[in-house]
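As a plain string of letters, each chain reads:
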Amino acid sequence: MTVTLFVPCFVDALFPQVGINMVHILEKLGHRVECPEEIACCGQPAFNSGYWDEARCVAEPVLKRLKDSEAVVIASGSCGAMLKVFYPQLFADKPEAHAAHELSGKVWEFSDFLVKKLGVTDLGAKFPAKVTFHDGCHGLRELGIKSSPRKLLEKVQGLELIEMQDAETCCGFGGTFAAKFPMISTAMGEVKCASAKDTGADYIVSNDSSCLMHVQGLLSREGHKLKTLHLAEILGNQ
Amino acid sequence: MSSESQEFLQQAEVITKDLRHRGLIQTALRKYEVARDKRKSAFGDWQSSRQAAAETKWEAINHLDKYLTEFADKLEARGTKVHWCSTPDQARDIIVKIIADKKARCVIKSKAMTAEEIHLNAAMEKAGFEVVESDLGEYIVQLRKEPPYHIVFPAMHLTRDDISDLFQKELGSAPTREPEELTMIARRALRKKYIQADVGITGANFAIAETGMISLTENEGNARLTAALPKTMITLLGIEKILPKMEDLALFLPMLATAGAGQTVTGYNTLYGGPKQPGEVDGPEEWHVVLLDNQRSILLADPEQRDSLHCIRCGACLNVCPIFRNVGGHTYGTTYSGPIGSVITPHLRGLQSWKHLSSSSSLCGACTETCPVKIDLHHHLLQNRRNASQEEPNAMEQTAYKAFGFVANRPGMWQVGKELARMFQPLHKFVLGTKLDPARAWTATRDVQPVAKESFKEWWQKHKAEKQAK
Ligand code: SF4
């Protein structure tokens, strides 16, 4: 199958290793990967702030570029939700409504794509460490992804998954929320970090780099040894 | 920025750093979650129950005109006086007039968020009446001259010691840490008030159209006394409280108890059908039911957010909301806090003044997931943001998004942007965290993720070339 891998703006610039691991994993599974280089962002920041015209401006080229894809895999649950759930709303009474609907049907978050679409859970990865998994809210509640990342982690050799209390509680990132209400975002992050620390894990793993950017930012500032990793980085560790 | 928004930010700044508050609320709500989950499992199928509840409320709200008339007609047939009020002013005036007509001096009141919504106590006190809250939590916050902290647990931000101190100061009681003793102190003070009161005011949890009755749910028996002892009873409720049929309570009573407080059913559930009828020996001689609109019909006219009128004020969305759990109820600065408050306050009190409540959310969706009547809460926050920006865009924000879109749609410029960011990043450390730092909102508490030496797309081009070469 030809998989169109959409690497969102912040993953491209800040977490390239996440995308790189995804490419390696998908290619190893025998799929042809293509990456649309001309699209940068899904338009979520403007959409979430209420600027829907401006969001459509960014989203239209995405719709056009991904129109003929067989399957679109996104390197972030949050951007995945944007394409899958919010594009149909954003374009609800626009000429692109149909295209948005069509695209929605073939958009996948990475871990869900592996487990539900490709039916693979064992990627032959090794990662001898204790990890705890943070459910990114958009992946969890907009896309309904809970078991896929765990099924993948279960098969990683040497990895011990320790669930934290309130794994489903938001970490406090929330996109522009983190900058508009930094004090609330920080407090939420501190609560999240406390739950993760309580597990005694070495790593907080998630399928969303945006949450991890915020959580890692807090941990680093504090000088805590707990590290964050994207699920793809673990699965790519052969 | 509205003054309400500034106040919100200031209070949030203080309270999010208050670790005592954080600990208190997290502990209380974690206990709630455990109890709730235990009760939820008693429902054969919680999700189907939610669906059924949502459909019932959908029917009630979509035919509100029919059900409200049915409700009022049935009530009036048994001698209840029904008052229709469009505005808080009208509702306050009517209630104050009823009390004045009765030449009453003392009013006892059970818990009613609708009364908070219209600031009824202040109006009654201004008119010279003594008003006493009879719900323990409400009584405590009344003594503290504070609004309720939470729509179901008004005094959840206080410890036993706080309450003991308060009672010592206000009621002259002896210090104690025992919940039973604290309750007894309040009880002794309140019993006198029930007897003295000429008028009792209650809210309503549900209004049953079919039978013309109100259903009241409580854990202390105080609402029963409030309704039974005084000669005149007044019930204030929002028009959205309607349920079509009596049998709907079979679902809604346990649902409210489970979602709201992690109980199977609430301690006392009482139905009121009218004032004392000929031949009956007790009950109020007069009963006034005051129906309040206060912008609800405007919400009803909005097909996108009409479902927010389904709310049964269980408070479950507040309990699971990580924003609420960190800023607490008072920071919202309005009667309805938490997710439902953030959705409806902009409708009830003005979009531009209250839009910050819709913005102060990470859109995590925990509220929507928990709401027993399936209100699409977090998506309504997005719609409020959209409506607010459309109505009055913030010039700077809009320009920024336009500029972002312009660059994002031009790969060449996007690439230059990335390179500039990479180039200037080493300089960031010189202003990091200072007033000159453009990313201060982030960097004050969080380290910045450095821009990668090689972006994904740069890597991809090489990777693609290598593959093609093979
Ligand atoms: S919105 Fe839903 S969860 Fe929140 S108080 Fe109302 S009914 Fe309860």
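None of the values given here were measured: they were computed from a predicted structure.

(A) Representation of the overall build of chain B. The helix and strand inventory of chain B stands at 23 helices and 10 strands. Judged by the C-alpha coordinates and their principal axes, chain B covers about 100 × 55 × 45 Å. When burial is assessed residue by residue, chain B has 53% of its 470 residues classed as buried. A separation of at least 24 residues holds for 74% of the contacts in chain B among residues at least 6 apart in sequence. Here chain B holds 61 positive side-chain charges and 57 negative ones, and the gap between their average locations is 5 Å.

(B) Main features of the site of the ligand. Cys 311, Cys 314, Gly 315, Cys 317 and Cys 371 of chain B are the nearest of the 13 residues found near the ligand. Per-class residue counts for the shell around the ligand are 11 nonpolar, 1 polar and 1 charged.

(C) Geometry of the pattern of salt bridges. For the structure on display, the rule yields 40 salt bridges over all chains. With a closest N to O distance of 2.8 Å, Glu 38 of chain A and Arg 65 of chain A form a salt bridge. Pair noted here: Glu 38 of chain A is in the loop between strand E2 (32-34) and helix H3 (44-48) and Arg 65 of chain A is in helix H4 (residues 52-66), with a separation of 27 residues, a long-range link. Of the residues examined, Arg 65 of chain A reaches a relative accessible area of 23% and is grouped as partly exposed. Arg 20 of chain B is the partner of Asp 162 of chain B in a salt bridge, and the nearest nitrogen-oxygen pair spans 3.1 Å. Highlighted residues: Asp 162 of chain B in helix H9 (residues 160-171) and Arg 20 of chain B in helix H2 (residues 19-40), separated in sequence by 142 residues. Sharing partners across several salt bridges, the network here consists of Asp 135, Lys 146, Arg 150, Glu 163 and Glu 168 of chain A.

(D) Main features of the interface of chain A and chain B. The interface is formed by 68 residues belonging to chain A together with 65 residues belonging to chain B. Looking at the side of chain A facing chain B, the largest losses of area belong to Glu 37, Tyr 51 and Arg 221 of chain A, adding up to 13% of the total buried there. Linking chain A with chain B are 9 salt bridges. At the junction of chain A and chain B, the tally comes to 34 residue pairs in polar contact (both at pLDDT 80 or more). No other element matches helix H11 (residues 182-198) of chain A, which puts 10 residues into the side of chain A that touches chain B. Taken together, the residues of the side of chain A that touches chain B break down into 39 nonpolar, 16 polar and 13 charged.

(E) The arrangement of the packing of aromatic side chains in detail. Scanning all chains against the criterion turns up 19 aromatic pairs over all chains. Their ring planes at 65° and their centres at 6.1 Å tell us that Trp 108 of chain A and Phe 113 of chain A sit as a pair that is edge-to-face. Feature note: the residues Phe 177 and Phe 181 of chain A together with Phe 8, Tyr 149, Phe 324 and Tyr 332 of chain B constitute an aromatic cluster, connected by ring pairs. One residue, Arg 313 of chain B, lies across the ring of Tyr 336 of chain B, its end atom 4.2 Å from the ring centre. The positively charged end of Arg 446 of chain B is found above the aromatic ring belonging to Trp 442 of chain B, 4.2 Å away from the centroid.

(F) Up close: the sheet that holds strand E4 (residues 107-109) of chain A. Residue and element names in this part refer to chain A. Spatially, the 4 strands line up as an open sheet ordered E2-E1-E3-E4, and their pairing is parallel. Looking along the sheet, the strands with just one partner apiece sit at the ends: E2 and E4. Averaged over all adjacent pairs, the angle separating strand axes in this sheet is 35°, with direction ignored. The pairing of strand E3 (residues 71-74) with E4 spans 3 bridges and is classified as parallel. Pairing of Val 73 across the sheet is with Trp 108, part of E4. Against the sheet, helix H7 (residues 110-117) touches strand E1 (2-6), E3 and E4, its axis set at about 105° to E4.

(G) Layout of a nonpolar patch on the surface. Together, Val 416, Leu 420, Met 423, Phe 424, Leu 427 and Phe 430 of chain B make up an exposed nonpolar region whose accessible area comes to about 640 Å². On the secondary structure map, Phe 430 of chain B appears in helix H21 (residues 411-431).

(H) Representation of the domain arrangement of chain B within the structure. All names here are of chain B. Along its sequence, chain B is organised into domain 1 (1-41 + 315-392), domain 2 (47-294) and domain 3 (413-469). Taken over C-alpha atoms, the centre of domain 1 sits 24 Å from the centre of domain 2. Contact with domain 1, which involves 30 residues of that partner, is made by 32 residues of domain 2. Taken over both partners, the interface formed by domain 1 and domain 2 buries close to 2,400 Å², and the fraction arising from carbon and sulfur atoms is 60%. The tally of links between domain 1 and domain 2 comes to 1 salt bridge. On inspection of domain 1 and its partner domain 2, the count reaches 11 residue pairs in polar contact (both at pLDDT 80 or more). Only H2, helix H14 (316-320) and helix H18 (366-370) provide two or more residues apiece to the side of domain 1 that touches domain 2. For the side of domain 1 that touches domain 2, the leading source of residues is H2, giving 11 residues.

(I) Here's a closer look at the domain arrangement of chain A. All names here are of chain A. For chain A, the domain assignment lists domain 1 (2-117) and domain 2 (130-235). Across the contact, 28 residues belong to domain 1 and 21 residues belong to domain 2. Carbon and sulfur atoms make up 66% of the surface buried where domain 1 meets domain 2, a total of about 2,000 Å² over both sides. Taken as a group, Glu 109, Ser 111 and Val 115 account for 20% of the area that domain 1 buries against domain 2, more than any other trio of residues on that side.

(J) Molecular detail of the environment of Thr 335 of chain B. Residues and elements named next belong to chain B. By the element assignment, Thr 335 lies in the loop between helix H15 (322-327) and helix H16 (338-349). Expressed as a C-alpha distance, the spacing of Thr 335 and Ser 5, which sit 330 residues apart in the sequence, is 15 Å. Look past the residues within four positions of Thr 335 in its chain and what remains in contact with it is Met 113, Glu 116, Glu 117 and Ile 151.

(K) Main features of the pairing of E3 of chain A. Residues and elements named next belong to chain A. Burial along E3 is two-sided: the face carrying Ala 71 and Val 73 and the face carrying Val 72 and Ile 74 are both buried. As judged from the 4 bridges shared by E1 and E3, these two strands associate in the parallel manner. Looking at the pairing, Leu 5 lines up with Val 73 of E3.

(L) Spatial organisation of the sheet that holds strand E10 (residues 286-292) of chain B. All names here are of chain B. Strand order in the open sheet formed by 6 strands is E1-E10-E7-E4-E2-E3, with parallel pairing between adjacent strands. Each edge of the sheet is formed by a strand with only one pairing partner; in this case those strands are strand E1 (81-85) and strand E3 (130-133). Averaged over all neighbouring strand pairs, the angle between strand axes comes to 20°, with direction disregarded. As paired elements, strand E2 (residues 106-109) and strand E4 (residues 199-202) share 3 bridges and run parallel to each other. Of the residues in E4, the one forming a bridge with Ile 108 is Gly 200.

(M) Local environment of the nonpolar core. Among the nonpolar cores identified, the biggest contains 171 residues, and Leu 83, Tyr 87 and Ile 184 of chain A are the most heavily contacted of them. Looking at this core, the element that brings in the most residues is helix H5 (residues 77-90) of chain A, giving 7 residues. Setting aside residues up to four positions removed in sequence, Ile 184 of chain A forms contacts with Phe 177 of chain A together with Phe 8, Ala 12, Thr 16, Ile 323, Val 327 and Ser 360 of chain B. By size, the runner-up hydrophobic cluster in this structure holds 21 residues, among which are Ala 91, Ile 118, Ile 201 and Val 290 of chain B.

About the thresholds
Throughout, residues of each chain are indexed from 1 in the direction in which the sequence is written. Each chain takes a letter, starting from A, and each ligand takes a number, starting from 1, following the order in which they are written. With pLDDT at 70 or above as the cut-off, local features in this predicted model cover only qualifying residues; side-chain atom pairs require 80 or more to be listed or tallied, and sums for whole chains, interfaces and linings still use all residues. Side-chain numbers come from the whole structure's heavy atoms, not from hydrogens or water. Each helix corresponds to a stretch of at least 4 residues labelled H or I by DSSP, and each strand to a stretch of at least 2 residues labelled E; elements are numbered beginning at the N terminus. Partly exposed describes any residue whose relative accessible area lies between the buried limit of under 20% and the exposed limit of over 50%, with all areas from a 1.4 Å probe on protein chains only and scaled to the type maximum. Any two residues whose heavy atoms approach within 4.5 Å at even a single point are treated as in contact. A positive count includes Lys and Arg, and a negative count includes Asp and Glu. His and the chain ends are not counted in either. To locate a charge, take NZ of a lysine, CZ of an arginine, CG of an aspartate or CD of a glutamate. Nearness is defined per residue: one heavy atom within 4 Å of the molecule or strand is enough. Lys, Arg, Asp and Glu make up the charged group, whereas Ala, Val, Leu, Ile, Met, Phe, Trp, Tyr, Cys and Pro make up the nonpolar group; the residues left over, Gly among them, are polar. A side-chain nitrogen of Lys or Arg and a carboxyl oxygen of Asp or Glu constitute a salt bridge if their distance falls within 4 Å. Buried area: the sum, over both parts, of the accessible surface (1.4 Å probe) that disappears when the two are put together. We call two N or O atoms a polar contact when they sit within 3.5 Å, provided that within protein one can donate a hydrogen and the other can accept it, with sequence-adjacent residues counted only if both atoms are side-chain atoms. Centres within 6.5 Å are what make two rings of Phe, Tyr or Trp a pair, Trp counting through its six-membered ring; a difference in plane orientation under 30 degrees is then read as stacked, over 60 as edge-to-face, and the rest as tilted. Only Lys NZ and Arg CZ are tested; either one counts as a charge over a ring when it is within 6 Å of the ring centre and within 35 degrees of the ring normal. At least two DSSP bridges between two strands are required for those strands to pair. Note on method: axes are straight lines fitted to C-alpha atoms, helices fitted across the in-contact stretch only, with angles between N-to-C directions ranging 0 to 180 degrees. Each patch is built from residues that are more than 30% exposed by relative accessible area and take part in no salt bridge. Like charges join if they lie within 9 Å; nonpolar side chains (Val, Leu, Ile, Met, Phe, Trp, Tyr) join within 5 Å. All accessibility values rest on the Shrake-Rupley procedure with a 1.4 Å probe; residue burial counts only the protein chains present in the view. For the domain bounds, the source is a domain assignment made automatically or taken from a database. Only buried residues count toward a nonpolar core, which is a set of Ala, Val, Leu, Ile, Met, Phe, Trp, Tyr and Cys residues joined through side-chain atoms within 4.5 Å.

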